[in-house]
Amino acid sequence: QGALPEPQPVPIELVEEALELDAGIRLGAGGDVTVIEFFDYNCPSCRRGARDLPALLADRDLTYVLMNYAV
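Residues numbered from 1 in each chain as written. Predicted model: local features only at pLDDT ≥ 70, side-chain atom pairs only at ≥ 80, totals over all residues. Heavy atoms only, no water.

What about the side chain of Thr63?
Item 1. Mapped onto the fold, Thr63 is located in strand 3 (residues 62–68).
Item 2. On the accessibility criterion, Thr63 (6% relative accessible area) is buried.
Item 3. Aside from chain neighbours lying at most four places away, what touches Thr63 is Arg26, Leu27, Gly30, Gly31, Val33, Thr34 and Val35. (Helix = DSSP H or I, 4+ residues; strand = E, 2+ residues; numbered from the N terminus. Buried < 20%, exposed > 50% of the residue type's maximum accessible area, 1.4 Å probe, protein only. Contact = heavy atoms within 4.5 Å.)

Digging into the sheet that holds strand 1 (residues 25–28)
Item 1. Taking strand neighbours across the sheet as the criterion, the three strands line up as 1-3-2 in an open arrangement whose pairing is mixed. If you trace the sheet from one side to the other, it starts and ends with strand 1 and strand 2 (33–39), each paired once. Each strand of the sheet is rotated relative to its neighbour by a mean of 25°, with strand direction disregarded.
Item 2. Note that strand 1 and strand 3 share four bridges and pair antiparallel. Bridge pairing in strand 3 links Leu27 to Tyr64. (Pairing = 2+ DSSP bridges. Axes fitted to C-alpha atoms, helices over the stretch in contact; angles between N-to-C directions.)

Below, the structure is given as structure tokens:
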């Protein structure tokens, strides 16, 4: 398997917009902690990372937001 690509920084404006506009796909129970994942549908690293979602969503204090951000 090849090396994973380096993560690209996400502009803070996109993070603020995601929180303000209630954009993206929300998963989880709506807990006190919110994780926003900016992903690309064509990114193999993002697809591999999706395997961890069930374990993350088992935490009832977590809201997980998926935002499509093609790079």
